[in-house]
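Per-entry structural report
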12 protein chains.
Amino acid sequence: MAKILVIHGPNLNLLGKREPQVYGNVSLEEIDRQIQQWASAHAWQVEIHQCNHEGRIVDLIGAAIGGVDGILINPAAYTHTSVAIRDALSAAAIPAVEVHVSNIHSREPFRQHSLTAAACRGQICGFGADSYRLGMEALLRLLAGGAGT
Amino acid sequence: MAKILVIHGPNLNLLGKREPQVYGNVSLEEIDRQIQQWASAHAWQVEIHQCNHEGRIVDLIGAAIGGVDGILINPAAYTHTSVAIRDALSAAAIPAVEVHVSNIHSREPFRQHSLTAAACRGQICGFGADSYRLGMEALLRLLAGGAGT
Amino acid sequence: MAKILVIHGPNLNLLGKREPQVYGNVSLEEIDRQIQQWASAHAWQVEIHQCNHEGRIVDLIGAAIGGVDGILINPAAYTHTSVAIRDALSAAAIPAVEVHVSNIHSREPFRQHSLTAAACRGQICGFGADSYRLGMEALLRLLAGGAGT
Amino acid sequence: MAKILVIHGPNLNLLGKREPQVYGNVSLEEIDRQIQQWASAHAWQVEIHQCNHEGRIVDLIGAAIGGVDGILINPAAYTHTSVAIRDALSAAAIPAVEVHVSNIHSREPFRQHSLTAAACRGQICGFGADSYRLGMEALLRLLAGGAGT
Amino acid sequence: MAKILVIHGPNLNLLGKREPQVYGNVSLEEIDRQIQQWASAHAWQVEIHQCNHEGRIVDLIGAAIGGVDGILINPAAYTHTSVAIRDALSAAAIPAVEVHVSNIHSREPFRQHSLTAAACRGQICGFGADSYRLGMEALLRLLAGGAGT
Amino acid sequence: MAKILVIHGPNLNLLGKREPQVYGNVSLEEIDRQIQQWASAHAWQVEIHQCNHEGRIVDLIGAAIGGVDGILINPAAYTHTSVAIRDALSAAAIPAVEVHVSNIHSREPFRQHSLTAAACRGQICGFGADSYRLGMEALLRLLAGGAGT
Amino acid sequence: MAKILVIHGPNLNLLGKREPQVYGNVSLEEIDRQIQQWASAHAWQVEIHQCNHEGRIVDLIGAAIGGVDGILINPAAYTHTSVAIRDALSAAAIPAVEVHVSNIHSREPFRQHSLTAAACRGQICGFGADSYRLGMEALLRLLAGGAGT
Amino acid sequence: MAKILVIHGPNLNLLGKREPQVYGNVSLEEIDRQIQQWASAHAWQVEIHQCNHEGRIVDLIGAAIGGVDGILINPAAYTHTSVAIRDALSAAAIPAVEVHVSNIHSREPFRQHSLTAAACRGQICGFGADSYRLGMEALLRLLAGGAGT
Amino acid sequence: MAKILVIHGPNLNLLGKREPQVYGNVSLEEIDRQIQQWASAHAWQVEIHQCNHEGRIVDLIGAAIGGVDGILINPAAYTHTSVAIRDALSAAAIPAVEVHVSNIHSREPFRQHSLTAAACRGQICGFGADSYRLGMEALLRLLAGGAGT
Amino acid sequence: MAKILVIHGPNLNLLGKREPQVYGNVSLEEIDRQIQQWASAHAWQVEIHQCNHEGRIVDLIGAAIGGVDGILINPAAYTHTSVAIRDALSAAAIPAVEVHVSNIHSREPFRQHSLTAAACRGQICGFGADSYRLGMEALLRLLAGGAGT
Amino acid sequence: MAKILVIHGPNLNLLGKREPQVYGNVSLEEIDRQIQQWASAHAWQVEIHQCNHEGRIVDLIGAAIGGVDGILINPAAYTHTSVAIRDALSAAAIPAVEVHVSNIHSREPFRQHSLTAAACRGQICGFGADSYRLGMEALLRLLAGGAGT
Amino acid sequence: MAKILVIHGPNLNLLGKREPQVYGNVSLEEIDRQIQQWASAHAWQVEIHQCNHEGRIVDLIGAAIGGVDGILINPAAYTHTSVAIRDALSAAAIPAVEVHVSNIHSREPFRQHSLTAAACRGQICGFGADSYRLGMEALLRLLAGGAGT
């Protein structure tokens, strides 16, 4: 039974409550409930964390080695500044998918580059809460050794 | 019955035949066959084009106004250089999803920035042929007025 | 009887129909009608093309050598990316005037520089459909060997 | 009866006398005479200043508020360096047209960007003394609530 | 009774003890004592934290939503590197004032730009411990709906 | 009895009348009246100038040497372009405080850097007319040899 | 019998007729005649195209896979802007030689970098029409498995 | 008896287990054992921490003031992004040596610059686990007031 | 009898009184006295101005046309920011020599580039008040049609 | 009888012995032998030098004036850093051809720009030892006043 | 018996005599004496050169191939400018260690990047004369096939 | 009796013979003769070298320590690329004057910055052979402890 680690980066605890014109109206609790449902439907085990601390995200990824089959991560603000999370993902070498709620390509210039995505298999952005659903599906296919790659 | 325009940019006709270490082994014909299947399954109509010409892609997007409900586009090399396609997507104002077979974030610096994604709703990259499947799904949800946003 | 080549670049076929807050409400058909009227009034012959293809614009300029006395061009998106159109204008050495419907200086940074204007005699931007009228007038004066220069 | 403020920036008093290969042979006096004629023909009132002082140009624009209907300005060297004139134009919010005698796009790189044009409605460059005539015409249409925009 | 959250960023616990030529001689304890006095004098409630952890600062700002009326923050080193704190301040949408003990404009180039100030109402820098006093006063006026803005 | 020189840079004469969404509703006359009141209350003498001319501001600062105890300056547009004012402030070596009505950190990139602040003791921005009050207070403390530094 | 695809990029149809001080006096027809002669002399088959369209060049390269042994290409203006042609050359993996009539290293800065040469075996520039002859010779040696590499 | 603080930055807990082609095969435990041995041999006391949290590293350095004679630090990913650790090292003013297992000069451009080394006495990189041994020796000499400096 | 225009730029009235470690101890009055002496000795006529206003310097240069044989100018702060003075010098086409009291090459990066020197014959910097003497001598030789050039 | 100076820049003495994957297997001795043969065949005189010293290359070029008809130069590493060799080539004004064994356009960014090629007639790169043969042929044609230019 | 080549770059002959605040008080003779002692102690043979000539350093490295087991190099000023020395080190493929007396990371920006270190195994900087001792030790371990890597 | 070291950098042996439109018609021999005359007239001893080798220039400056009172240097091409000569001048700490025959500020961008001038007392450029005369005079005054500084 595959185990998935889901990491929500800084400020995502405020999802759905703040700046809905940028991040939409769905709360993190609702997203987490859906993730649990999708996981159950596919007989996956999921472990979900929301962390405002870069170091804690590094801890979680490091601790996942050997016990986790895939990582779904929204590094939020750390996407653009964290070499440490990039290094953790590279070191862990667990298939990872980066997701973003907003379309980073239509925001401020400093949000248009991702330091962390280079250490993931792929990235999905701009679909609101659906970015998570699509990310879970992408991860499922990667873990199943999907014919697509 | 919703109509989807699918545009494959330059050199994608060679997909699956060339540089499989970068772009995978699945051919464009196979991807198109799958897109047709997914579309049928959802009772969508799809129109698929592979174009090496920037101007032809601009033509297609302009012509889609009024007759197409969503656009799935892999601008390939034009992702990084075409203001014209960006403008066409902005002008058309049809919900659009950008997909890439490879993970643009782990390639040469000039491939890490997308001029065109800013005029789309979102972007999906790095999942090989699955990027198209995920893109179709994302588009479906957008057209259904998905709760996710 | 002087002959003027008028070239409308990519997406200008959508003028007046899309993004009126940026490009105004006048349609390309209306602009072309006015150009024809102004030309008749001055006993000029005009040939008008709207092209989404960079290469087609290069074709038109190259073909104009020897048969055309002046060029009025709105290169639109290609203004910022096309060395090929710049080279065509330089090679043709026909007096050319660049026009833009919007004020490129108050838009995104990548729209504030023109690669093509350096190969024209001058540039006019920001006056909506009137940019064309002003451009025609400027060209008329240039061809008349206007005292202004 | 509409009132137009015409501002000639630094060194334009030397027009027609110096560097004719760049700026042409028409003197500023001749241009001013033509401006007066065009204005009379359209029943406009014009007030013309040539100023080498950035601060004086800011004074003039500020003083124009409430008493002037349109501004025709050739900021010359200050085009590329003056945030103060840009701010004056933004604050005044009087329709303004920027003109240049030479084609700034084919000169040194530091002359290819305009700080001030972003606070104008549009810009006209490269047509020698005719740039002023075209600018007057553009302003006339703007003030007439021209259909072009 | 208004509640103010005061956040001292990394290394500010060393204030007054280290590098007095840059940061002055007043200790953080003294500053906090003064803040408490000023607050009492204005019948405000203050909660003061010194945090070396970027994530902890994000936690504090997120937790302040709904319970805090104003934020006084010296992000110290994170001023120049933290998108996460900027995002927290934007999401919280609580009036915030950024203060710095030293004049960041006369230090190394990398200290002359603030990522976080854009998500605050204003910034005060260069007045030593007085920057805090001025920041408190600025916040007081903002919360009082000061006529100044 | 301490003497303070207050300098309002270009376009500040329009304060409160223009672009209130950026600069607020308080007029310069009102600000000057308040400055006079604060000064009287502290038994300071103030001399206030509003200048659109960079050179005039340099004149004023140079003339202040020996007769002025502190400078409160809002260089406005010259903040970002004037080496001359920076040099005047450095040469005068009179304690100076730079203030801005708007928050320069959340405006266009070219407004986010101050050339002149490096020659002041500190900078205050973003508090509307209150920026002046805070600046006066900061200056008062600096002149009193405030314990804060 | 080896087959060589020769591609002349945009505006090269004007060779020898325009800007001889930059591009020399030899016409494209003369160059093509010489290429045919050299090819006959070496018992090669050549197919020659002049294309102003970037997309058409991509078409030609893609179509050459399996039927062409070597490519001689002068991408002209597209040298500096076309990721699509670079990708086509990489995908085709046919030995290719890039040639330029002028010395790109002594022209404008934007002409000094080649995006396309990285996907060729080598580049030859600056020798006028002789660049083609040298390119043919270089290609001949490459195809012969020349000892030089 | 001198006391040395040893800090291993983010992801170094994975040393020897992950990406051995970059970081070598020696585990952190082995390195720590060696550090302890070297320290004993020189009658030093060592305190060793591995921290993934930037803030925790700042805490440790701040707490070391007054109780630690030298710092040996491998800031790992934070080398390139942390102004906070740089400031902590500057404030603490304890002789510090920066070490890196890999040669940062032959890796990605963003790894070739160190923000933190400027606040250390020197830097050693590229020697695998030996970088630590060399760093200890360098520190020993610095503390002994080595004749070398 | 040759006539020389000497222009001292902003803040040079403070020479010798302020920042002697940068600009030396000689006053402007002393320099002007020496200039007058050198001039008398060579039977030159000199006209000396110290101006803090960029526009006034432009005025002076423009007015010099026809009546002045050489210009000795220390543009001070305007060296680095004034396109207007550069244009005035180019338009006037009077032999000009730029001098600086300090060595601009060993100061802040923004002082190491001169916009104005390109419109002069040469530049002399770093010799304190002697820069003026050397500049006078250089100008003398230029006007004498010196064999050196 | 024409005389050709051949200059091999730094490290080319190691050609064929080191890094064959970059520079090929042919030794410099073999290349020099071939150059001598080609030269004899065309009744040219050649003088060949391999120099690791930039200054020595400048010496050789300077000494060639008046005695040498053409220069074939592979500046190797100095291609990217030597203004001195560029100046020597410009001063000598002897027709020169730059060659490179590897394709500089597909190597590190700092190798993709040539400072020296701007002072040559043309450049040839990427053909291994054949680059020299092609360069000799190009030079032969240049000296023969080839019709190609 | 291993042989080590030691290269001291430009100006290091002045070590200990000049700018001691930057480079310390130990003379090069003293360093060389120590290197000889360390070498004897480990039964190594050393050959030491101080060279101000970039080309001579290239010569030495090229000549070392086949006869030298390790290189200890302080390229001094050439660290930041020499592609030629970098290429020599890459071609020689002899284990090399780069050392610097001063901490290059706390000096001028142009000294913070090393072109040459990428072709070495590692770099040591900032420890005065001890940098050499540490470099020798690092090299010894590399040659012994140290377990650390 | 003061001793002056005069250093002419690369290619200056060609002065007066090559590119007179840039460097004038006076030969180096003539300049050297004049330098000798000026020196005799002031009872100075001069030693003059023309060197194409950067390392040789470093040698000369290092050897001058203790025996030379002033340096007059035209580093020519090395002005823009040599950290080694800059370091030699800094280490020698002998008063030095940099001269250039041409006006570097009106040439290519890469010639507008001097790396070496920062280690000299001042720089003189643009006066042809007279730059040397002026440089000698400047040096004379510096050595005489001229009142100007």
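Look up a bit, the structure's there.
Here goes a summary of the coordinates provided.

What counts, and where the lines are drawn
Residues numbered from 1 in each chain as written. Chains lettered and ligands numbered in written order. Predicted model: local features only at pLDDT ≥ 70, side-chain atom pairs only at ≥ 80, totals over all residues. Heavy atoms only, no water. Helix = DSSP H or I, 4+ residues; strand = E, 2+ residues; numbered from the N terminus. Buried < 20%, exposed > 50% of the residue type's maximum accessible area, 1.4 Å probe, protein only. Contact = heavy atoms within 4.5 Å. Areas by Shrake-Rupley, 256 points an atom, 1.4 Å probe, with all protein chains shown as cover. Least-squares fit on C-alpha atoms with pLDDT ≥ 70 in both. Buried area = accessible area lost by both parts, 1.4 Å probe. Salt bridge = Lys/Arg side-chain N within 4 Å of Asp/Glu carboxyl O. Axes fitted to C-alpha atoms, helices over the stretch in contact; angles between N-to-C directions. Parallel < 35°, antiparallel > 145°, perpendicular 65-115°, else oblique. Nonpolar A, V, L, I, M, F, W, Y, C, P; charged D, E, K, R; others polar. Pairing = 2+ DSSP bridges. Polar contact = N/O pair within 3.5 Å; in protein donor to acceptor, adjacent residues only side chain to side chain. Expected span 1.5 Å × (residues − 1).

**Structural notes on the overall build of chain A**
Looking only at helices and strands, chain A has five helices and five strands in total. The N-to-C order of helical and strand elements in chain A reads β-α-α-β-α-β-α-β-β-α. Looking at the 149 residues of chain A, the share that counts as buried comes to 65%. Nonlocal contacts in chain A, meaning residues at least 24 apart in sequence, comprise 75% of its contacts between residues at least 6 apart. For chain A, the accessible surface area stands at approximately 4800 Å², while carbon and sulfur atoms represent 49% of it.

**Describing the relation of the copies chain C and chain D**
The two copies are related by a screw motion: chain C maps onto chain D through a turn of 180 degrees and a shift of 0.0 Å along the axis, at an RMSD of 0.0 Å. Taken together, the rotation angle and the small translation identify this as a two-fold axis. Proximity to the rotation axis, assessed at the C-alpha, singles out Ile124(C) in chain C; its C-alpha lies 2.2 Å from the axis. When the interface residues of chain C are mapped onto chain D, 100% of them again lie at the interface, so the same face is used by both copies.

**Concerning the interface of chain C and chain D**
Across the boundary between the two partners, chain C contributes 32 residues, which contact 32 residues of chain D. Across the interface of chain C and chain D, roughly 2600 Å² is buried in total on both sides, 52% from carbon and sulfur atoms. The salt bridge partner of Arg141(C) is Asp130(D), with a shortest N-O separation of 2.5 Å. Looking at the side of chain C that touches chain D, the elements with two or more residues in it are strand 5 (122-125) and helix 5 (130-143) of chain C. For the side of chain C that touches chain D, the leading source of residues is helix 5 of chain C, giving seven residues.

**Quick notes on the packing of helix 3 (residues 54-64) of chain G against helix 4 (residues 83-92) of chain G**
Residue and element names in this part refer to chain G. With their axes 9 Å apart at the nearest point, helix 3 and helix 4 run at an angle of 0 degrees to one another. Between helix 3 and helix 4, the angle is such that the two are roughly parallel. In contact with Glu54, Ile57, Val58 and Ile61 of helix 3, helix 4 contributes Ala84, Ile85, Ala88, Leu89 and Ala92. Of the residues contributing to the contact of helix 3 with helix 4, the split by class is eight nonpolar, no polar and one charged.

**A few points about the environment of Gln45(G)**
Residues and elements named next belong to chain G. Within the fold, glutamine 45 resides in strand 2 (residues 45-50). We classify glutamine 45 as partly exposed; its relative accessible area is 38%. It is 17 Å that separates the C-alpha atoms of glutamine 45 and histidine 8, two residues lying 37 residues apart in sequence. Ignoring sequence-local partners within four residues, the contact set of glutamine 45 consists of Met1, Ala2, Lys3 and Ile4.

**Brief notes about the pairing of strand 5 (residues 122-125) of chain K**
A regular strand carries its side chains on alternate faces of the sheet. With burial as the criterion, each face of strand 5 of chain K is covered, one bearing Gly122(K) and Ile124(K) and the other bearing Gln123(K) and Cys125(K). Relative to strand 5 of chain K, strand 5 (residues 122-125) of chain H runs antiparallel, the two sharing three bridges. Among the inter-strand pairings, Ile124(H) is bridged to a residue of strand 5 of chain K, identified as Ile124(K). Of the pairings in the sheet, the one linking strand 4 (residues 96-100) of chain K to strand 5 of chain K comprises four bridges and is parallel in character. Within strand 5 of chain K, the residue paired with Val99(K) across the bridge is Ile124(K).

**Re the sheet that holds strand 3 (residues 70-74) of chain C**
Read across the open sheet, the 10 strands follow the order 2(C)-1(C)-3(C)-4(C)-5(C)-5(D)-4(D)-3(D)-1(D)-2(D); overall the sheet is mixed. Among the strands making up the open sheet, the edge pair consists of strand 2 (45-50) of chain C together with strand 2 (45-50) of chain D. Taken over all neighbouring pairs, the strand axes of this sheet differ in orientation by 15 degrees on average, direction set aside. The sheet strands contacting helix 3 (residues 54-64) of chain D are strand 1 (3-8), strand 2 and strand 3 (70-74) of chain D, and the helix crosses strand 1 of chain D at an angle near 175 degrees.

**Some points on the side chain of Asn52(C)**
Mapped onto the secondary structure, Asn52(C) falls in the loop between strand 2 and helix 3 (54-64). Of the polar contacts made by the side chain of Asn52(C), one reaches the backbone nitrogen of Asn11(C); its length is 2.9 Å. Within the local environment of Asn52(C), its side chain forms a polar contact with the side chain of Gln50(C), the two groups lying 2.9 Å apart. Ignoring any residue separated from it by four or fewer positions in sequence, one finds Asn52(C) in contact with Gly55(B), Val58(B), Asp59(B), Gly9(C), Pro10(C), Asn11(C), Asn13(C) and Tyr78(C).

**Section: helix 2 (residues 28-41) of chain E**
All names here are of chain E. Spanning 14 residues, helix 2 covers 20 Å between terminal C-alpha atoms, matching the ideal 20 Å at 1.5 Å per step. Along its buried surface, helix 2 packs onto strand 1 (3-8), strand 2 (45-50) and helix 5 (130-143). In the segment just after helix 2, alanine 43 is the residue with positive phi, at about 60 degrees.

**Points about the pattern of salt bridges**
If you walk through the whole model with that rule in mind, you get 73 salt bridges over all chains. For the salt bridge of Glu108(C) with Arg86(B), the shortest nitrogen-to-oxygen distance reads 3.8 Å. Pair noted here: Glu108(C) is in the loop between strand 4 (96-100) and strand 5 and Arg86(B) is in helix 4 (residues 83-92), and the two residues belong to different chains. Arg111(F) is paired through a salt bridge with Asp87(D); the nearest N and O atoms lie 2.8 Å apart. With one member in each of two chains, Arg111(F) in the loop between strand 4 (96-100) and strand 5 (122-125) and Asp87(D) in helix 4 (residues 83-92) form a pair that bridges those chains. One exposure class covers both Arg111(F) and Asp87(D), and it is buried. Residues joined in a network through salt bridges with shared partners are Arg86(A), Asp87(A), Glu108(H) and Arg111(H).

**A short note on the interface of chain B and chain A**
On the side of chain A, 32 residues touch chain B, which itself brings 32 residues to the contact. In total, about 2600 Å² of surface goes out of reach between chain B and chain A, with carbon and sulfur atoms giving 52% of it. Together, His105(B), Phe127(B) and Arg141(B) form the three largest contributors to the area buried by chain B at its contact with chain A, with a combined 23%. Between the two partners, chain B and chain A, sit two salt bridges.

**As for unusual backbone geometry**
Residue Glu19(G) is not a glycine yet carries a positive backbone phi of 50 degrees. On the secondary structure map, Glu19(G) appears in the loop between strand 1 (3-8) and helix 1 (20-23). Residue Glu19(G) is classed as partly exposed on the basis of its relative accessible area of 24%. Here the phi dihedral of Ala76(L) falls at roughly 50 degrees; this positive angle occurs in a residue that is not glycine. Inspection of the secondary structure puts Ala76(L) in the loop between strand 3 (70-74) and helix 4 (83-92).

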